Amino acid sequence: MGETIVVIGANHAGTAAINTILDQFPENRVIAFDGNSNISFLGCGMALWIGKQISGPEGLFYSSREAFEEKGAVVHMETEISRIDYDKKMVYGREKDGTIHEQPYDKLILATGSLPIRPELQGMDLENVQFVKLYQNARDVIQKLKDPSIRRIAVVGAGYIGVELAEAFVRNGREVVLIDCADTCLAGYYDSEFSYIMGKNLESHGVELALGETVVKLEGRKRVQTVVTDQARYQADMVVFGIGFKPNTGLGQGRLKLFKNGAYLVDRRQETSVAGVYAIGDCATVYNNAIQATDYIALATNAVRSGIIAAHNACGRTLESVGVQGSNGISIWGLHMLCTGISLKRAQKMGYAAASSDYEDWQKAEFMENGNNKVKIRIVYDKETRIILGAQMCSDYDISMGIHLFSMAIEEQVTIDKLKLFDLFFLPHFNKPYNYITMAALAAR
Ligand SMILES: Cc1cc2nc3c(=O)[nH]c(=O)nc-3n(C[C@H](O)[C@H](O)[C@H](O)COP(=O)(O)OP(=O)(O)OC[C@H]3O[C@@H](n4cnc5c(N)ncnc54)[C@H](O)[C@@H]3O)c2cc1C
Ligand SMILES: NC(=O)C1=CN([C@@H]2O[C@H](COP(=O)(O)OP(=O)(O)OC[C@H]3O[C@@H](n4cnc5c(N)ncnc54)[C@H](O)[C@@H]3O)[C@@H](O)[C@H]2O)C=CC1
């Protein structure tokens, strides 16, 4: 006879855990709770939907309560869990219609995700100040965009959400100012040699960049009208914040150990400091192979993998995470940028004797007259150990597969010297015999 496994949160991490238990360990009983009314909304499609690059949101969901229930789970939607008794192994919550839930568990999986960071500023309660995380947030923004009087939009935060939304709003015919306290866009991911290219891309499509500026307040009567920074004032009919996520870990109630940013501290099996309680996705830490330490990286990819791992361990089959590299990418008006591991800036800040090796070339052999684009690459490595710490790539060509090589290299702690003569295939349709990856590695001192 199996066990009762309660899952709190049924979005990407929760969905992965629930499906793994139902598919691979069906002898167990799964009971899931989610405060929201929908499951598995792919936020990554939000900008595409807002920017009208896809026809609607339907394809952005890949699971549902019904799909889980067909496989035997009990799913309580619109049910917020408010308290956990870790000694009695009970969770307590309330459904939207007032129904009280008191549910015992043998194993517990916390998949409560993250919340957008909300700055404490004057004017945050004005109309048309938006956060973008949920399906409902995207729907509200799209509804508001039907109002032609919303002509100018300020996007605060030039990270992944902000840059993607800046493109989406321009595609909607809106004027956009993109504000960030960092000196470049995408500062948390790329060195300035790369983020500068994205900045130019944004400007060439009409996005006004207000970098190195901190928002101090929002002004307006009922509706927001002005964003005031420490350096300037920007008129805005809508303000959208994308200044990062914080882990949603109130249910830890001081009982579960937390990482410095408040995420549940988990081991390689996703287990928290309380035995039999697992935490996955955006509410939990990851092991970052690039820095060989615990870290916090909020990505759907990490959420899915950690859900699979926790499900195995909760069901009694040991499965350990191999760690992550934080590999990610962005594509804006056809400019693709990808990175994995850490940037040179972050490596130096962390005290590594870090160096970078850069190379720029055509993707394919020069005689390929059509569809041949420039590619730029940076490999970051430790001059002392020679181990690769990170990589950044940028092109109009789809170079996305290349970054996986570096992700694996970092996971396996490969040295830059080993990469120099690494076997990379050549076919003119795809690349050159002197591949840019090889050339960047060979150029490393
Ligand atoms: C606009 C946008 C674009 C993104 N693009 C990408 C991308 O391209 N690639 C990528 O890898 N990542 C992307 N991300 C990040 C990705 O969406 C998150 O990393 C991912 O959603 C994390 O999944 P999760 O299940 O851990 O947490 P969440 O998605 O935050 O889900 C947590 C769930 O828990 C529920 N919950 C919370 N507390 C309770 C409670 N007390 N009781 C009951 N239920 C509760 C919530 O209702 C929610 O359904 C994007 C995010 C956004 C917002
Ligand atoms: N393509 C992808 O893989 C995507 C991933 N995501 C993930 O979702 C999470 C949340 O995304 P974002 O909110 O964009 O976070 P982010 O971490 O990507 O960017 C946040 C940005 O806000 C800036 N910032 C912080 N505080 C600020 C302040 N007070 N004023 C002005 N700027 C400020 C930071 O300098 C940073 O550039 C991230 O983990 C991100 O990786 C989101 C969208 C797309």
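Bear in mind that the values here come from a model prediction, so they are computed numbers and not experimental data. (Residues numbered from 1 in each chain as written. Chains lettered and ligands numbered in written order. Predicted model: local features only at pLDDT ≥ 70, side-chain atom pairs only at ≥ 80, totals over all residues. Heavy atoms only, no water.)

A. Broad picture of the side chain of His312. Inspection of the secondary structure puts His312 in helix α7 (residues 300-314). In this structure, His312 is in contact with Thr20, Gln24, Phe25, Arg317 and Leu319, ignoring residues within four places of it in sequence. (Helix = DSSP H or I, 4+ residues; strand = E, 2+ residues; numbered from the N terminus. Contact = heavy atoms within 4.5 Å.)

B. Geometry of the confidence of the model for the protein. Averaged over every residue, the pLDDT of the protein is 97; the share at 70 or more is 100%. Confidence metrics for the complex model read pTM 0.97 and ipTM 0.98. (pLDDT = per-residue confidence, 0-100.)

C. Spatial organisation of the sheet that holds strand β11 (residues 175-180). Taken together, five strands build an open sheet; the order of strands is β9-β16-β10-β11-β12 and the sheet is parallel. One side of each edge strand has no neighbouring strand; the edge strands of this open sheet are β9 (129-131) and β12 (208-211). For this sheet, the mean angle separating the axes of adjacent strands, direction not counted, is 20°. Strand direction decides the pairing type here: strand β10 (residues 152-156) and strand β16 (residues 238-241), joined by four bridges, are parallel. Bridged to Val155 within β16 is Val240. (Pairing = 2+ DSSP bridges. Axes fitted to C-alpha atoms, helices over the stretch in contact; angles between N-to-C directions.)

D. Structural context of unusual backbone geometry. With phi around 50°, Gln253 is a residue other than glycine that occupies positive phi space. Tracing the backbone shows Gln253 in the loop between β17 (245-247) and β18 (277-279). For Gln253, a relative accessible area of 38% corresponds to the partly exposed category. Despite not being glycine, Gln270 shows a phi value in the positive range, around 70°. Relative to the assigned elements, Gln270 resides in the loop between β17 and β18. (Buried < 20%, exposed > 50% of the residue type's maximum accessible area, 1.4 Å probe, protein only.)

E. Summary view of the site of ligand 1. Near ligand 1, the surroundings consist of 32 residues, among which Asn11, Ala13, Asp34, Lys133 and Asp282 are the closest. For ligand 1, an oxygen atom lies 2.9 Å from a polar atom in the backbone of Ala13. Between ligand 1 and Ile81, the relevant distance is 2.9 Å, taken from a nitrogen atom to a main-chain nitrogen or oxygen of the residue. Calculation on ligand 1 without its partners gives an accessible area of 1,000 Å², and the protein chains cover 87% of this total. For the shell around ligand 1, the elements supplying multiple residues, two or more each, are α1 (12-24), β4 (79-85) and α7. For the shell around ligand 1, the per-class residue count stands at 15 nonpolar, 13 polar and four charged. (Near = heavy atom within 4 Å. Polar contact = N/O pair within 3.5 Å; in protein donor to acceptor, adjacent residues only side chain to side chain. Areas by Shrake-Rupley, 256 points an atom, 1.4 Å probe, with all protein chains shown as cover. Nonpolar A, V, L, I, M, F, W, Y, C, P; charged D, E, K, R; others polar.)

F. Geometry of the domain arrangement of the protein. Looking at the assigned domains, one finds that the protein contains domain 1 (2-113 + 254-313), domain 2 (116-240) and domain 3 (335-441). Each of domain 1 and domain 3 has a C-alpha centre, and the two are 34 Å apart. At the junction of the two partners, domain 1 supplies six residues and domain 3 supplies nine residues. Across the domain 1 to domain 3 interface the summed buried area is about 540 Å²; carbon plus sulfur atoms make up 53%. Per-residue buried area on domain 1 facing domain 3 is highest for Asn289, Ala290 and Ile291; these three make up 78% of the total on that side. At the surface where domain 1 touches domain 3, the tally comes to one salt bridge. Residues Asp295 and Arg346 are paired through a salt bridge, measuring 3.2 Å at the closest nitrogen-oxygen approach. Our count for the contact surface shared by domain 1 and domain 3 stands at two residue pairs in polar contact (both at pLDDT 80 or more). (Domains from an automatic or database assignment. Buried area = accessible area lost by both parts, 1.4 Å probe. Salt bridge = Lys/Arg side-chain N within 4 Å of Asp/Glu carboxyl O.)

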